[in-house]
Amino acid sequence: MLFQLAFMNRIIIIGNGFDLAHGLKTKYENFIIWYQKEWVEKLKKCFNNTISDELCAFKIFQYDWDYFFSFYHYENISWEELLEMINDSPQLLEYTPSRFFERITTCIEQRNWVDIEKEYYNLLSLDFDSSDDESIEKLNKELECLRAQLISYLRKIENDFINESIVKDSIKEKIFEPINPRDISISACNNILPSFIKKRFPNNNNDENLIYILKAYSKNIKETLKKIREFEALHKHQITNMGIESINCNDFPLDLFYPDNILLLNFNYTRTADLYLPNEEIFKVNHIHGDLSDKSNIIFGYGDELDDNYKNILKQDNNEYLKNIKSINYLNSTNYREMLSYIESSPYQIYIMGHSCGLSDKTLLNTLFEHDNCVSIKPFYYINNEGFDNYTEIVQNISRNFTDMKLMRDRVVNKTFCETLE
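All values derive from a computational prediction rather than experimental measurement. (Residues numbered from 1 in each chain as written. Predicted model: local features only at pLDDT ≥ 70, side-chain atom pairs only at ≥ 80, totals over all residues. Heavy atoms only, no water.)

### Things to note about the environment of Leu-277
- Along the chain, the position of Leu-277 falls in the loop between strand S5 (261–266) and strand S6 (283–287).
- Note: C-alpha distance between Leu-277 and Tyr-310 (33 residues apart in sequence) is 37 Å. (Helix = DSSP H or I, 4+ residues; strand = E, 2+ residues; numbered from the N terminus.)

### Quick look at the side chain of Gln-349
- Examined against the element boundaries, Gln-349 turns out to sit in strand S7 (residues 348–353).
- Side chain to side chain, Gln-349 and Arg-10 meet in a polar contact 2.6 Å long.
- The residues touching Gln-349, leaving out its near neighbours within four places in the chain, are Asn-9, Arg-10, Ile-11, Ile-179, Val-375 and Ser-376. (Polar contact = N/O pair within 3.5 Å; in protein donor to acceptor, adjacent residues only side chain to side chain. Contact = heavy atoms within 4.5 Å.)

### As for the sheet that holds S5
- Taken in spatial order, the five strands make up an open sheet running S6-S5-S1-S7-S8, and their pairing is parallel. Two strands lie at the open edges of the sheet, namely S6 and strand S8 (374–380), each paired on one side alone. Taken pair by pair, the neighbouring strands of this sheet meet at an average axis angle of 20°, ignoring direction.
- Sheet topology places S5 next to S6; five bridges connect them, and they run parallel. Looking across to S6, one finds that Leu-265 is bridged to Asn-286.
- Here helix H16 (residues 362–369) sits on the sheet in contact with strand S1 (9–14), S5, S7 and S8, set at roughly 140° to S7. (Pairing = 2+ DSSP bridges. Axes fitted to C-alpha atoms, helices over the stretch in contact; angles between N-to-C directions.)

### Regarding helix H9 (residues 186–200)
- Taking 1.5 Å per residue as the helical rise, H9 with its 15 residues ought to reach 21 Å, and the 21 Å between its terminal C-alpha atoms agrees with that figure.
- In the structure, H9 departs most strongly from a straight axis at Ile-192, where the bend amounts to approximately 40° and where the proline Pro-194 lies between one and four residues downstream.
- Those residues of H9 that fall on the buried side of the exposure criterion are Ala-188, Cys-189, Ile-192, Leu-193, Ser-195, Phe-196, Ile-197 and Arg-200.
- Buried residues along H9 sit in contact with helix H10 (208–217) and S8. (Expected span 1.5 Å × (residues − 1). Bend = angle between axes of the 7 residues up to and from the residue. Buried < 20%, exposed > 50% of the residue type's maximum accessible area, 1.4 Å probe, protein only.)

By themselves these figures say nothing about function.
Structural data, given as structure tokens:
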């Protein structure tokens, strides 16, 4: 295995759990609840007998909606109460959800969560032989409707809540902490760490490279350099006679192990992650799925090319099947190419902050996880109020993004050395 020696980068995969850790209501369930409330308000102001979008259709038979709500004093009715009223009075009211939206709401009712992109893919790959062109076009229109509504919802969240006040020092410390040698895979330790240490370790009092890095990370460069010099003096005899390689890498001061570069690979559409990046050349963010400033570049669909059903999708002589496949839509911007350039440039470790590593992003994650330059994968987990943590669940999902299980076991950092996001 060949590496570009001496450099070591960090990629931080940012998922929706990152936004949730900042108190933001960005779950799909939060979005659907908002969308349902918006429908209730829309009906209250409607003077027609019928009203619909791609996902829902409502019809009233004897009144207009505005009169109905005011006559029956339903000013504060909820979505659930509205549906109950429709069920109780089918002679007055009618509600028709699309098949896609019905699956979404059923998932929320039964499991208290939903993966909209996965439900879309399930419908897309369901019964290819019986699906006609119109049903696929309709499904894509429904996803586009959801996408537009989701953008509106997240823009409101971003405008109202995403600012410097939500930044958490505990998360910032994790983003910019040194690379811990114990996190590096066994297969990479012998190839990378010695040259990385040599590059960082002072050479004949030449601290140029070390000072350049410490300026970006350390609050007290003078004190940090003093600590490194003391370590050097303590091991002077060993370094002189046997070389720096003779010292156990875990014994070196961690200040030597700051990443050369940090990339925040943001799978969210919001800019919460951007709040953590100082204006330095070595820190970058890549909104791999686009961001809310340009809705035309937002990627919303499915990304599992390794799934058996994907092969069947490719066989369909209808481009509607491929309209919302992420790997194709990555070509609409330079984000994916920039990510590839980054992972080709140097060895890197991966931090996972708030991403479930589910199948919706399997193709991209497989590219990151199995690349020759990947030296470790460290998931940050959460603990709920009952004391349950999701470390094992994340690792199970990570494993589905590998084709080489031996490689997976070597690269994923064990739970002993992992910690919670907060």
